[in-house]
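Results of the structural survey
Next come the chains, spelled out residue by residue.
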Amino acid sequence: MPETIDIQLKKGVLGLCVLAVLARNESYAYEIASHLSDAIGMGEGTIYPLMRRMQTDGLVTTYLVESSSGPSRKYYKLTDAGRAALDAQAAEWRGFAAAVDALLEPVPVANAPLEEA
Amino acid sequence: MTRIEFLDRLCKGLTGLPPATLKEIMADYEAHFKDAAAEGRSESEVAAALGDPERLARELKAEAGVKSWDEAKTPSNATAAIVGILGLGALDILILLPLLGGVVGTLIGIFAAAIGGFIAGGVVFAAGPFLGFPGGIFAALLGGFGVMLLSAAVGAITLALTIWMVNGVVWFARLHYRVLKPALES
């Protein structure tokens, strides 16, 4: 299973990525899914259970937008709790990424932020 | 796999969900196929990109179970949430079931005892004045009422404990599941 770490990493940050995408633009599930599958190579199917979970957790809400063709489309937007979660998780991610980057340096860097989380 | 085949398998996997939730989920996936078709993608390509419909159904079902437990703390919702999560294979059933069984048994025992105590207290309270309990009428009334109060308190505390425990299991499983699932997939 050579790709396990790769998949685990992506799965772990998928929620954060969705929050970040929605912070830029309110969007519908297909757009979010194709955006993320292009950007980080994430499977499209996972988006729907994830969106429902984030809705249950109160991070996003939905509203319907009339469409010129066919039924109206369901859009997602961040709630205040969603924005707060984005800030917290983004800080956590940056700290983690900086620590891993520092470890990947061939020579130890002075004052590397190893414990920033 | 065609669009119809995918939706059909998904729908079968979602049996048991409230009709409104089922309709919402099916509409989500139908819209996905429609949006993809508008981009010129083939049905089989989209179905493959979406993944295994049975697996998605299990995940959606578990999420719906957690949601109804969040909304109303009823025994049937607790069962639905825990069964849904067990369906994910997130918790090792062999390890967890005996433990869960023991805990559930103990809780049911305490509840039964509390209900029994409440009824016994009620009987003493109601019948005491006529049966000539030692200590007189007043002691029987007071004692009976006291036993009823005590039983109600024990019942309430156990209920709070039960709700807290189900929340704990749900929280743990969701946390665990996110880490475990990719390993199972690859």
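Residues take numbers from 1 onward in each chain, read along the sequence in its written order. Here chains are named by letter from A upward and ligands by number from 1 upward, in the order in which they appear as written. With the structure being a predicted model, the display of local features is reserved for residues of pLDDT at least 70 and the display and counting of side-chain atom pairs for 80 or more, all residues being used for whole-chain, interface and lining totals. To obtain the side-chain values, all non-hydrogen atoms of the structure were included, while hydrogens and water were left out.

Observations concerning helix H1 (residues 3-13) of chain B
Residues and elements named next belong to chain B. Here the term buried applies to any residue with accessible area under 20% of the maximum for its type, exposed to any over 50%, and partly exposed to those in between, with areas from a 1.4 Å probe on protein chains only. Helix numbering and strand numbering both begin at the N terminus, where a helix is a DSSP run of H or I of at least 4 residues and a strand a DSSP run of E of at least 2. Residues of H1 that are buried: Phe6, Leu7 and Leu10. Seen along its axis, H1 keeps its buried residues to an arc of 95°; they face one direction. Of the exposed residues in H1, the ones pointing more than 90 degrees away from its buried face are Ile4 and Lys12. Where H1 is buried, its residues contact helix H2 (19-38), helix H3 (43-50) and helix H4 (53-71). Of all possible arcs, the one meant is that of the directions from the helix axis to the C-beta atoms. Residue contacts follow a heavy-atom distance rule, with two residues in contact if any of their heavy atoms lie within 4.5 Å.

A few points about the packing of aromatic side chains
How two aromatic rings sit relative to each other is set out by the distance from centre to centre and by the angle between their planes. The pairing test for Phe, Tyr and Trp rings, Trp by its six-membered ring, is centres within 6.5 Å, and the orientation test on the planes gives stacked under 30 degrees, edge-to-face over 60, and tilted for anything in between. Within this structure, the stated rule accounts for 7 aromatic pairs over all chains. Judged by centre distance (5.5 Å) and plane angle (65°), the ring pair of Tyr28 of chain A and Tyr75 of chain A falls under edge-to-face. Residue Tyr28 of chain A is located in strand E1 (residues 27-28), and its partner Tyr75 of chain A is located in strand E3 (residues 73-78); the two are separated by 47 residues in the primary sequence. In terms of burial, Tyr28 of chain A and Tyr75 of chain A fall into one category: buried. Judged by centre distance (4.5 Å) and plane angle (45°), the ring pair of Tyr48 of chain A and Tyr29 of chain B falls under tilted. In this pair, Tyr48 of chain A sits in helix H3 (residues 47-56) while Tyr29 of chain B sits in helix H2, so the two residues belong to two different chains. Overall, the relative accessible area of 3% leaves Tyr48 of chain A in the buried class. Linked through ring pairs, Tyr48 of chain A together with Phe6, Tyr29 and Phe33 of chain B together constitute an aromatic cluster. Each ring is checked for a lysine NZ or an arginine CZ that lies within 6 Å of its centre and within 35 degrees of its normal; such an atom marks a charge sitting over the ring. Geometry around Tyr28 of chain A places Arg73 of chain A over its ring, the cationic atom sitting 3.9 Å from the centre. Over the face of the ring belonging to Trp69 of chain B we find Lys73 of chain B, whose NZ or CZ atom lies 4.9 Å from the ring centre.

A word on a nonpolar patch on the surface
Residue and element names in this part refer to chain A. What makes a patch is a set of residues exposed beyond 30% relative accessible area and free of salt bridges, joined within 9 Å when like-charged and within 5 Å when nonpolar (Val, Leu, Ile, Met, Phe, Trp, Tyr). Working definition of accessibility: Shrake-Rupley area with a 1.4 Å probe, residue cover restricted to the visible protein chains. Any carboxyl oxygen of Asp or Glu within 4 Å of a side-chain nitrogen of Lys or Arg constitutes a salt bridge here. Together, Leu9, Trp93, Phe96, Val100 and Leu104 give the surface a local cluster of nonpolar side chains, amounting to about 490 Å² of exposed area. A per-element tally of the nonpolar patch places helix H4 (residues 80-104) first, with 4 residues. Relative to the elements of secondary structure, Val100 occurs in helix H4.

Considerations on the nonpolar core
Among buried residues, the Ala, Val, Leu, Ile, Met, Phe, Trp, Tyr and Cys ones that are joined through side-chain atoms within 4.5 Å form a nonpolar core. Val18 of chain A together with Phe6, Leu10 and Tyr29 of chain B are the most contacted members of the largest nonpolar core, which totals 45 residues. Per-element accounting of this core gives the leading share, 8 residues, to helix H1 (residues 4-24) of chain A. Setting aside residues up to four positions removed in sequence, Phe6 of chain B forms contacts with Met1, Tyr29, Phe33, Ala47, Leu50, Gly51, Pro53 and Leu56 of chain B. Leu100, Val166, Val169 and Ala173 of chain B belong to the second-largest nonpolar core, a separate cluster that totals 14 residues.

Some details on the pattern of salt bridges
Summed over the entire model, instances satisfying the criterion amount to 12 salt bridges over all chains. Across the pair Arg83 of chain A and Asp80 of chain A runs a salt bridge, and its minimum N-O distance is 3.1 Å. Here Arg83 of chain A and its partner Asp80 of chain A are both found in helix H4, 3 residues apart, which amounts to about one turn of the helix. Classification of Arg83 of chain A by relative accessible area gives partly exposed; the value is 41%. Look at Asp80 of chain A and you get exposed, because its relative accessible area is 61%. Several salt bridges share partner residues, and in doing so they unite Arg52 and Lys74 of chain A together with Glu24 and Asp28 of chain B into one network.

From the geometry alone we can't say anything about function, so treat these as descriptive.
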